[in-house]
Amino acid sequence: MKIRVFLFLMASLMLGCAEGNKKDYSTANFSVIKLADDVYACIHKPGGKAIGNSGIVDNGEATIVFDTFLSPDVAEELIGVVEQMKLSPIKYVINSHFDNDHVRGNQCFSSDVKILSTERTAELIKEEEPKAIAEEKVYAKELYEYYDSLERAFTGDTASGEYMAIKMMKPYFEELSVSHLKIRTRVPDTYVKNEMSLDGSRIKVILIEKGKGHTESDLIMYLPVEGILFAGDLVFNEAHPWLGYGYTEELKTRLTELELMKPHIVIPGHGDPGGIEAIISTREYIEDMERIAKEIVDDGDTLEDIGKVPMPEKYKDWILGNYFYSNLRYMFNKMKD
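These numbers come from a predicted model, not from an experiment.

Caption draft 1: View of the environment of I183. Topologically, I183 is positioned in the loop between α6 (179–182) and β7 (190–191). Accessibility expressed as a relative area gives 14% for I183, which makes it buried. As a C-alpha pair, I183 and P130 span 53 residues in sequence and 9.4 Å in three-dimensional space.

Caption draft 2: Examining unusual backbone geometry more closely. Look at D67: it is not a glycine, yet its phi comes out positive at around 70°. Relative to the elements of secondary structure, D67 occurs in the loop between β4 (63–66) and α2 (72–84). For D67, a relative accessible area of 1% gives the class buried. The backbone of K262 shows a phi angle near 55°, a positive value even though the residue is not glycine. According to the relative accessible area criterion, K262 is exposed, its value standing at 62%.

Caption draft 3: Region of interest: the nonpolar core. If you look at the biggest cluster of nonpolar residues, it comprises 31 residues, and the most contacted ones within it are L229, V235, L243, L258 and L328. At the level of elements, β9 (206–211), β10 (218–223), β11 (228–236), α7 (248–260), α8 (276–298) and α9 (323–336) are the ones that each hand at least two residues to this core. Among the elements that take part in this core, α8 stands out by supplying eight residues, more than any other. When neighbours within four sequence positions are excluded, L258 is seen to be in contact with I220, L229, A231, L234, V235, P263 and I279.

Caption draft 4: Seen up close, the sheet that holds β10. Sheet architecture is open: five strands sit in the order β8-β9-β10-β11-β12, paired in mixed fashion. Because the sheet does not close on itself, it has two edges, and the strands there are β8 (195–197) and β12 (265–270). Each neighbouring strand pair of the sheet contributes to a mean axis angle of 25°, computed without reference to strand direction. In terms of strand pairing, β9 meets β10 through five bridges, oriented antiparallel. Looking at the pairing, I206 lines up with Y222 of β10. Across the face of the sheet, α7 comes into contact with β9, β10 and β11 while running at roughly 160° to β11.

Cut-off values and rules
Residues numbered from 1 in each chain as written. Predicted model: local features only at pLDDT ≥ 70, side-chain atom pairs only at ≥ 80, totals over all residues. Heavy atoms only, no water. Helix = DSSP H or I, 4+ residues; strand = E, 2+ residues; numbered from the N terminus. Buried < 20%, exposed > 50% of the residue type's maximum accessible area, 1.4 Å probe, protein only. Core = buried A, V, L, I, M, F, W, Y, C linked by side-chain atoms within 4.5 Å. Contact = heavy atoms within 4.5 Å. Pairing = 2+ DSSP bridges. Axes fitted to C-alpha atoms, helices over the stretch in contact; angles between N-to-C directions.

Right, here's the structure in full:
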């Protein structure tokens with residue numbers, strides 16, 4: 001997979017050079033990868049505060065931003081990148097779902113920019129964000145200090161999944177520790193029901209409501225001519241997906257639906273851009289977790305025994321490895337119920 005990602009990045013770089021656009025618009029927090037003319041992926045960098053991935057599409061008349069990162073400061077960087085690239089004005093922001101690392105940059109966009117999501121996602125942002133921010137004020141600083149201590153004490157392989165988890169969670173909790181000072185929750189004002197087109201003179205853009213999957217309500221953005229899919233957290237690429245929202249059966253169905261779309265390029269919510277194999281590997285991960293949990297239940301083991309279960313070798317180098325045992329506990333409880 002890492003070889004394929006390297007080749008993909010090299011191909012993107014060569015495409016930009018061939019067109020005379022050699023400027024790298026990446027920041028300390030995210031890499032900017034050209035996918036096609038006027039289509040870009042903004043991919044979280046280890047140690048940065050983007051945390052989730054984002055996308056930029058200039059359809060000819062308007063620029064569309066797909067997901068807005070965790071940190072408003074990083075969202076401001078994204079707005080600056082759009083201005084530096086001299087793209088069309090930003091007129092639409094899409095929230096794929098309600099997770100904080102995909103919506104907290106909403107507040108940075110001007111009041112005339114429409115924020116789009118499903119109606120349920122807007123409700124969840126309005127309901128959950130104030131509660132989450134209040135809770136973060138209590139616990140986040142301690143967790144930031146914990147991961148900071150782990151990073152300072154780490155002596156192993158800095159390319160390992162273990163270290164990458166530290167590099168993800170330390171800035172995540174650092175940002176959460178000041179959320180009560182920085183975040184002014186901006187709720188989506190325009191709802192996507194079933195499908196919505198944001199076509200321009202150059203690019204056809206379709207927003208598709210997917211219902212339950214990663215969360216209670218998920219939304220994707222698809223460019224059918226280019227075959228580019230912005231999947232949000234329905235897809236994780238070489239990253240342990242968070243399964244704790246409890247919709248794993250629906251998520252497997254959503255992933256099969258995405259696979260049948262046969263996209264050429266998939267931008268996951270977390271991890272590097274990939275192809276259809278990123279969709280397949282996310283579904284296989286869920287199936288593996290179900291198999292392991294069933295074996296634990298069938299062997300008569302208890303919840304306390306889960307920590308003794310070794311992580312499968314193929315997942316050891318995936319980022320967000322700290323999710324593995326949480327996911328396994330969720331699957332165990334689901335099997336017991």
